[in-house]
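Inside the fold
If you want the building blocks of each chain, they are given just below.
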Amino acid sequence: MAEISTLTWIVTIGLILSLLAVDLIVAAVKPHRVGFREATLWSVFYILVAVAFGVWFAWQYGSGFGAEFFAGYVVEKSLSVDNLFVFVIIMTTFAVPEEHQHKVLTFGIVLALIMRAIFIALGATLLSLFSFMFLLFGLLLIYTAVQLFRHRDQDPEVDDNVMVRAARRLLPITDDYVGGKLSTRVDGRWMVTPLFIVLLAIGSIDLLFALDSIPAVFGVTREPYIVFAANAFALLGLRALFFLVKGLLDRLVYLSTGLSLILAFIGAKLILHWAHVDIDDRVPEIPTSVSLGVIVAVLVVVTVASLIKTRQDPTAKAHAGSLRAHPDQERDRQGQPG
């Protein structure tokens, strides 16, 4: 396969920054409630941009790299839907006005891209230096999958977030959103607004998701450029996707189960690759085409099964899933006193 040129890196980063700039300008210049039609148009636009990029990339660098990009994009897009669950929880918890949700999401995506860029550089360096990192990444994904499956009927506790608790304890906070500002001066004293706390919550959640998503996409490709591009294009459409599907998220009752299966599958793929390289080259590896097929099949089955479930039982409600147990949520579901 051809080596990714420096010019390709520069042009890709420029394209992503340009698209981010458009998002930031729209959010800052005209705060408004994003309707279904607008969200649909933006979602279709970002998907078409990603598809067009993948087609060009396959033509320029070969079908192998092209398949790896699309597999990585599908993985990151599916994980980003779980991100949306948590974003909805954060927006609800902090009662973020609809006209400011656009801005929060855009800044959240910027933070996510920065964190992922750092983790991609770190992950690529570790994988190039130490082949056993494939084993560690694989075990991390399997552990995450098991925890997500065990607590698939729970949601992350936003109020229990370390950064949120520290900010509330250390910083003076206004009672309202002050027109969407992050900070303001009240009676000569600088104070942060609840929007600042929301961004802290989203940023810390982004950090946790990066710990899962970067090893996951390294499971379908070892090329850092593809890892970065797949993450970037999946995240760019996250803002529009939030407004498009936030009313439908409650119906994806089996999404956490599906994501746990995908993470476990990619974890096993990484461990097989490590065994193939470090132990015995007769150990089979899972090709990218099979990975893409499995991931798409799981997502289709999960979506269809979820819609059937919620149609038969309208009271069924989806949850983002959690990596640790929250006893209060468990008691609430069982109707037990605290």
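The structure contained in this document is the topic of the report that follows. Owing to the predicted nature of the structure, the values given are computational and were not obtained by experimental measurement.

1. Describing the pattern of salt bridges
- Taken as a whole and judged by the stated rule, the model has 1 salt bridge.
- Of the charged contacts, one joins Arg282 and Asp280 as a salt bridge, the two residues approaching to 2.8 Å between their closest N and O atoms.

2. Regarding the packing of helix H5 (residues 133–150) against helix H10 (residues 255–278)
- Interaxial distance between H5 and H10 falls to 7 Å at its minimum, and their mutual angle equals 160 degrees. As judged from the angle between their axes, H5 and H10 are roughly antiparallel. Of the two possible hands of crossing, H5 and H10 adopt the one that is left-handed.
- For the contact of H5 with H10, a count of residues per class yields 17 nonpolar, 7 polar and no charged.

3. Observations concerning the pairing of strand S1 (residues 183–186)
- The sheet contact formed by S1 and strand S2 (residues 189–192) spans 4 bridges and is antiparallel. Residue pairing across strands places Ser183 opposite Val192, the latter belonging to S2.
- Between S1 and S2, which pair antiparallel in sequence order, lie 2 residues; one of them, Asp187, sits at a positive phi of approximately 55 degrees.

4. Brief notes about helix H9 (residues 238–245)
- Across the 8 residues that make up H9, a large majority, 8, are buried.
- All of the buried residues along H9 are Leu238, Arg239, Ala240, Leu241, Phe242, Phe243, Leu244 and Val245.

5. Observations regarding the packing of aromatic side chains
- For the structure on display, the rule yields 19 aromatic pairs.
- Here Phe45 and Tyr46 contribute two aromatic rings whose centre-to-centre distance is 5.3 Å and whose plane-to-plane angle is 65 degrees, an arrangement assigned as edge-to-face.
- When its relative accessible area of 35% is taken as the criterion, Phe45 is described as partly exposed.
- For Tyr46, a relative accessible area of 2% puts it in the buried group.
- Arranged with centres 6.3 Å apart and planes meeting at 80 degrees, the rings of Trp56 and Tyr61 form a pair that is edge-to-face.
- Looking at Tyr61, the relative accessible area reads 9%, which means it is buried.
- In this structure an aromatic cluster arises from ring pairing among Trp9, Phe53, Trp56, Phe57, Tyr61, Phe65, Phe69, Phe70, Tyr73, Tyr225, Phe228 and Phe233.

6. As for the packing of helix H7 (residues 194–218) against helix H8 (residues 224–236)
- Their axes nearest at 10 Å, the elements H7 and H8 cross at an angle of 130 degrees. Viewed along their axes, H7 and H8 adopt a mutual orientation that is oblique. The handedness of the crossing between H7 and H8 is right-handed. Residues Ser213, Ile214, Val217 and Phe218 of H7 form the contact with H8, whose participating residues are Val227, Ala230 and Asn231.
- Counted by class, the contact of H7 with H8 contains 5 nonpolar, 2 polar and no charged residues.

7. A few points about the environment of Arg116
- Checked against the element boundaries, Arg116 lands in helix H4 (residues 98–129).
- For Arg116 and Phe228, which are 112 residues apart along the polypeptide, the C-alpha to C-alpha distance reads 7.7 Å.
- Residues contacting Arg116, with those up to four places away along its chain left out, are Glu76, Asn83, Asp206, Phe209, Ala210, Ser213, Ile214, Asn231 and Leu235.
- Of note is the side chain of Arg116, whose polar atom sits 3.0 Å from the side chain of Asn231.

Here is what the cut-offs are and how they apply
- Residues numbered from 1 in each chain as written.
- Predicted model: local features only at pLDDT ≥ 70, side-chain atom pairs only at ≥ 80, totals over all residues.
- Heavy atoms only, no water.
- Salt bridge = Lys/Arg side-chain N within 4 Å of Asp/Glu carboxyl O.
- Axes fitted to C-alpha atoms, helices over the stretch in contact; angles between N-to-C directions.
- Helix = DSSP H or I, 4+ residues; strand = E, 2+ residues; numbered from the N terminus.
- Parallel < 35°, antiparallel > 145°, perpendicular 65-115°, else oblique.
- Left-handed = near helix turned anticlockwise from the far one by under 90°.
- Nonpolar A, V, L, I, M, F, W, Y, C, P; charged D, E, K, R; others polar.
- Pairing = 2+ DSSP bridges.
- Buried < 20%, exposed > 50% of the residue type's maximum accessible area, 1.4 Å probe, protein only.
- Phe/Tyr/Trp six-rings, centres within 6.5 Å; stacked < 30°, edge-to-face > 60°.
- Contact = heavy atoms within 4.5 Å.
- Polar contact = N/O pair within 3.5 Å; in protein donor to acceptor, adjacent residues only side chain to side chain.

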